[in-house]
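Letter by letter, the chains look like this.
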Amino acid sequence: MSQAPKYISGEEVEKLLDLKELLNSIETALGNYSKGKDGGVVQPVRLVVPIEKHHGHLGVMPGYSSSDEALATKIVAFYPENKDLPTHQAWVLMQDPTNGSLNAIIDGVSITSIRTGIASAVATKHLANPNSRILALIGAGVQARSHFKALSLLQSFDEVRIFSRTRASAQKLAKEIGKTAKVCSSVEEAVEDADIITTVSFATTPILKAEWVKPGAHINAVGACRPDWRELESRLMQESVVYCDSRDACSQEAGDIILSECDVFAEIGEVINGEKQALWEKTTIFKSVGMAIEDVLSAKIVYEKYMHQLKQDSEYPA
Ligand SMILES: NC(=O)c1ccc[n+]([C@@H]2O[C@H](COP(=O)([O-])OP(=O)(O)OC[C@H]3O[C@@H](n4cnc5c(N)ncnc54)[C@H](O)[C@@H]3O)[C@@H](O)[C@H]2O)c1
Ligand SMILES: O=C(O)[C@@H]1CCCCN1
């Protein structure tokens with residue numbers, strides 16, 4: 001008879017996930033994904049159920065990595081209009097790939113938040129000018145925070161500019177970041193001369209224009225994960241070198257790519273594998289819509305550490 005699955009909370013996820021370890025493991029997974037069958041990653045484009053009546057969406061994201069022996073499915077609800085609840089709610093179901101049994105249900109809000117910032121950090125490591133000093137964050141919610149933390153693993157910033165639709169949320173984040181943070185009154189002001197721009201908003205029409213972006217800047221375009229939503233204007237997409245997390249997923253979900261009809265130069269995994277160049281001296285965009293394999297690898301690290309700790313606690317009770 002199978003055992004009851006463990007429940008691992010968001011607090012535990014945050015304690016157990018080491019960001020540097022996760023960065024290495026997501027970088028490897030993105031590379032494996034872009035190797036196709038040879039990489040051993042199985043990840044269909046997620047299933048999305050629109051809940052139009054309530055302005056929400058439900059996404060189902062299964063993934064398997066044979067080299068990591070890790071199998072999991074994330075169920076994620078995103079409701080941009082939520083006020084008292086987070087706009088994203090998620091659970092990761094971790095299964096034993098050898099027999100299919102359910103090992104754990106892991107909080108997916110924390111995993112989504114952390115792994116998305118780390119995936120952008122992997123792209124930034126390859127695509128941004130190594131002397132980047134000014135970071136602009138457009139949006140000041142969960143992802144703005146996780147991106148600041150993840151990008152800070154690569155370097156420290158002289159200035160962190162923040163713009164959000166609600167000034168109060170930008171002010172709150174600026175206080176958390178400290179003296180390098182500056183609240184801006186417009187997207188244009190935030191991105192002027194910025195070396196790295198990260199758009200993490202719920203905008204559905206373009207908010208970032210080509211004429212405001214410094215040539216050679218790197219942009220992580222993280223929001224706009226529906227085919228009719230966008231954050232970046234068409235000219236910016238067309239005139240930059242565009243990288244993405246998954247061509248398959250972006251061709252179905254990324255409004256910034258679909259509506260601008262821009263070329264996609266490479267998946268970031270192809271850069272990691274040395275098959276495509278990192279043209280960091282040009283203006284680069286990393287368009288992500290989020291990949292199940294990132295959740296799978298995060299869940300594997302969390303689950304293994306959680307089980308190790310349980311074993312230690314039972315062998316050496318306090
Ligand atoms: N690519 C991925 O892997 C991935 C993963 C998770 C979330 N996302 C996306 O990232 C975005 C941010 O997610 P989150 O969890 O931080 O959400 P959140 O609700 O915590 O924060 C959203 C922030 O954007 C601001 N905002 C909303 N509309 C705006 C606009 N038009 N202009 C400027 N700011 C605006 C809000 O004030 C808020 O500060 C969403 O679009 C989400 O779907 C992408
Ligand atoms: O990959 C994710 O987890 C998120 C879910 C919500 C929409 C954007 N991408």
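Residues numbered from 1 in each chain as written. Chains lettered and ligands numbered in written order. Predicted model: local features only at pLDDT ≥ 70, side-chain atom pairs only at ≥ 80, totals over all residues. Heavy atoms only, no water.

Topic: the site of ligand 1
(1) Moving on: Surrounding ligand 1, one finds 26 residues, the nearest of these being T87, A140, Q143, S201 and S288.
(2) Moving on: Within the contact set of ligand 1, an oxygen atom lies 2.8 Å away from a side-chain nitrogen or oxygen of T87.
(3) Moving on: With respect to ligand 1, the backbone of S201 contributes an N or O atom lying 2.8 Å from an oxygen atom.
(4) Moving on: The fraction of the free accessible surface of ligand 1 (860 Å²) that becomes covered by protein chains is 89%.
(5) Moving on: Mapped by element, the contributors of at least two residues to the shell around ligand 1 are α3 (108-127) and α4 (142-151).
(6) Moving on: If you tally residues by element for the shell around ligand 1, the top one is α3, at 3 residues.
(7) Moving on: Partitioned by chemical class, the residues of the shell around ligand 1 number 10 nonpolar, 14 polar and 2 charged.
(8) Moving on: Residues lining the shell around ligand 1 come from more than one domain, with at least three contributed by each of domain 1 (6-112 + 293-315) and domain 2 (121-292). (Near = heavy atom within 4 Å. Polar contact = N/O pair within 3.5 Å; in protein donor to acceptor, adjacent residues only side chain to side chain. Areas by Shrake-Rupley, 256 points an atom, 1.4 Å probe, with all protein chains shown as cover. Helix = DSSP H or I, 4+ residues; strand = E, 2+ residues; numbered from the N terminus. Nonpolar A, V, L, I, M, F, W, Y, C, P; charged D, E, K, R; others polar. Domains from an automatic or database assignment.)

Thoughts on α3
(1) Moving on: With 20 residues, α3 should reach 28 Å at 1.5 Å per residue; the first-to-last C-alpha distance of 28 Å fits that figure.
(2) Moving on: Of all the 20 residues making up α3, 17 are buried; the element is thus mostly covered by neighbouring parts of the structure.
(3) Moving on: Two or three places before V109, at the opening of α3, D107 has a side-chain oxygen 3.4 Å from that residue's backbone nitrogen. (Expected span 1.5 Å × (residues − 1). Buried < 20%, exposed > 50% of the residue type's maximum accessible area, 1.4 Å probe, protein only.)

Topic: empty space enclosed by the protein
(1) Moving on: According to the stated counting rule, one finds 1 cavity of 30 Å³ or more in the structure shown.
(2) Moving on: Lining the largest cavity, in full, are Q43, P44, V45, R46, M61, A249, E253, V289, G290, M291 and A292.
(3) Moving on: Taken together, the residues that form the lining of the largest cavity break down as 7 nonpolar, 2 polar and 2 charged.
(4) Moving on: Inspection of the lining of the largest cavity shows a minimum of three residues originating in each of domain 1 (6-112 + 293-315) and domain 2 (121-292). (1 Å grid on protein atoms, 1.4 Å probe; cavity = no way out; pocket = protein on both sides within 12 Å on 5 of 7 lines; lining within 4 Å. Points joined across faces, edges and corners; volume = space filled by probe spheres on them.)

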